[in-house]
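# Inside the fold
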Amino acid sequence: MDRRSLLAAGGGALAVAAGVSQAHAAPAGALGRWHDRDTVRFNVISDIQGDLRDFGRALDDMAAVNPHSAGLAVAGDITPRGYDAEYAQVSAELAGHSHPREVAWAIGNHEFYVPKWRDPDTLSQDTWPNGTTEDSLFRSFYRFARRGTVHAETSFGGIPILTLGTERYAHYHDPELWDQVWISDAQFTWLEDRLWHWSRRRRPVMVITHHPLPDTVSGTRNTLYASDYLQADRLLGLLGRHPDVFLFSGHTHWDLELSDWVVRRVVPGTANLSGFTVVNTGAVQTGYRDDGKGGEVSVGGTFNQGLQVEVRRDAVVIKARDFARRVWLKEITVPLAR
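Summary of the structure given here. Every value quoted in this text rests on a predicted model; they were computed, and no experiment measured them. (Residues numbered from 1 in each chain as written. Predicted model: local features only at pLDDT ≥ 70, side-chain atom pairs only at ≥ 80, totals over all residues. Heavy atoms only, no water.)

### Some remarks on the nonpolar core
Membership of the largest hydrophobic core comes to 31 residues, with the highest contact counts inside it found for I45, F55 and W105. When residues of this core are traced back to their parent elements, those giving at least two are α3 (52–65), β3 (72–75), α4 (84–95) and α5 (134–145). Counting residues in hydrophobic clusters, the runner-up holds 28 residues, among them A75, W261, V279 and V309. (Core = buried A, V, L, I, M, F, W, Y, C linked by side-chain atoms within 4.5 Å. Buried < 20%, exposed > 50% of the residue type's maximum accessible area, 1.4 Å probe, protein only. Helix = DSSP H or I, 4+ residues; strand = E, 2+ residues; numbered from the N terminus.)

### Considering the pattern of salt bridges
One pass over the full model with this rule turns up 20 salt bridges. Ionic pairing is found between R289 and D255, a salt bridge with its closest N-O pair at 3.0 Å. Taken together, the residues R289 in strand β13 (residues 288–290) and D255 in the loop between β10 (245–249) and β11 (262–265) connect sequence positions 34 residues apart. You can call R289 partly exposed: its relative accessible area is 32%. Note that R312 is salt-bridged to E310, the shortest N-O span being 2.9 Å. (Salt bridge = Lys/Arg side-chain N within 4 Å of Asp/Glu carboxyl O.)

### Remarks on the packing of helix α6 (residues 185–200) against helix α7 (residues 232–239)
The N-to-C vectors of α6 and α7 enclose an angle of 15°; their axes lie 10 Å apart at closest approach. Viewed along their axes, α6 and α7 adopt a mutual orientation that is roughly parallel. You can see that α6 and α7 cross each other, and the crossing is right-handed. Residues D185, F188, L191, E192 and L195 of α6 form the contact with α7, whose participating residues are R234, L235, L238 and L239. Classifying every residue of the contact of α6 with α7 by side-chain character gives six nonpolar, no polar and three charged. (Axes fitted to C-alpha atoms, helices over the stretch in contact; angles between N-to-C directions. Parallel < 35°, antiparallel > 145°, perpendicular 65-115°, else oblique. Left-handed = near helix turned anticlockwise from the far one by under 90°. Contact = heavy atoms within 4.5 Å. Nonpolar A, V, L, I, M, F, W, Y, C, P; charged D, E, K, R; others polar.)

### Considering the environment of L162
Of note, L162 is situated in strand β8 (residues 159–163). In this structure, L162 is in contact with A152, E153, W190, L191, R194, L195, V205, M206, V207 and I208, ignoring residues within four places of it in sequence.

### Examining α5
In this model α5 runs 17 Å from its N-terminal to its C-terminal C-alpha over twelve residues, within 8% of the 16 Å that 1.5 Å per residue would give. Every buried residue belonging to α5 is among E134, S136, L137, F138, S140, F141, F144 and A145, and all of these are buried. One or two positions beyond α5, positive phi appears at R146, with a value near 60°. (Expected span 1.5 Å × (residues − 1).)

### Comments concerning unusual backbone geometry
Residues W128 and P129 are joined by a peptide bond in cis, for which omega reads 10°. A positive phi angle is found at D47, which is not glycine, with a value near 55°. Among the structural elements, D47 can be located in the loop between β2 (40–45) and α3. By relative accessible area, D47 is classed as buried at 0%.

Spelled out as structure tokens, the structure:
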């Protein structure tokens, strides 16, 4: 069982230096229009995990710095365990602060931790799943996210946002597995279709997923995060064909101060020699770094980080933000190939 579970119980990547210059497609009307002269700004965070106070602080800081944000993407671990009451607390906290009308939610592994508890106050991992069905966990997420699938498409000011997620909680299907991501043929087909759709229209695409892909951003060369996906090569093969795809992943909580917070991932065999952009989202709750021994260690102190993204005519600017100190940590400009 990995560190995330314990918290609940109680062709490679080329680093880019900082500072360098519904399961179905949403209706066309819902996507809005985006013109080359526009700059669209939105925010990305992840890993709230019950830290509602820091979530509120993050919302307040984003509203102050980016008051006209086109949207907020949350890359999973919305709740600490996935109870309906925990989703309700997140909704209440969100409602208590200024925030964009459009919010895109991705499912994370913490949304599947109810089965470890006999009731909300009694941890009982030896009797997993404690009467909790896999289907009930997905239904709780669907009610909260107001959709019927883990994958969906929305628009932030005309910029397509695709959310991905596991369609099985692995431990229900294999006792040797826990939080690994499994994606159906239907979700892969949907993703491939939407990526080509927007590529033909020369539109950059933002993909939001909780788990990081191997050999990409901070932490993903660590054994803790080397095999989060059961079909990593297939997913990389789809994303790697498109130079103007931006993948945002959370889960690791690794510090955005690290040099490999943004990378270009080149996938052999895709005929895209420039790769696609992968971005670490930081975390609202608790930060980590490499411990030098193949594991990780807490950053310590107050930790509350996320991103602001600006889509311009010819480039995407990604800014790392410390919501607690209310300071910018760094930024990078990624030219668009289109």
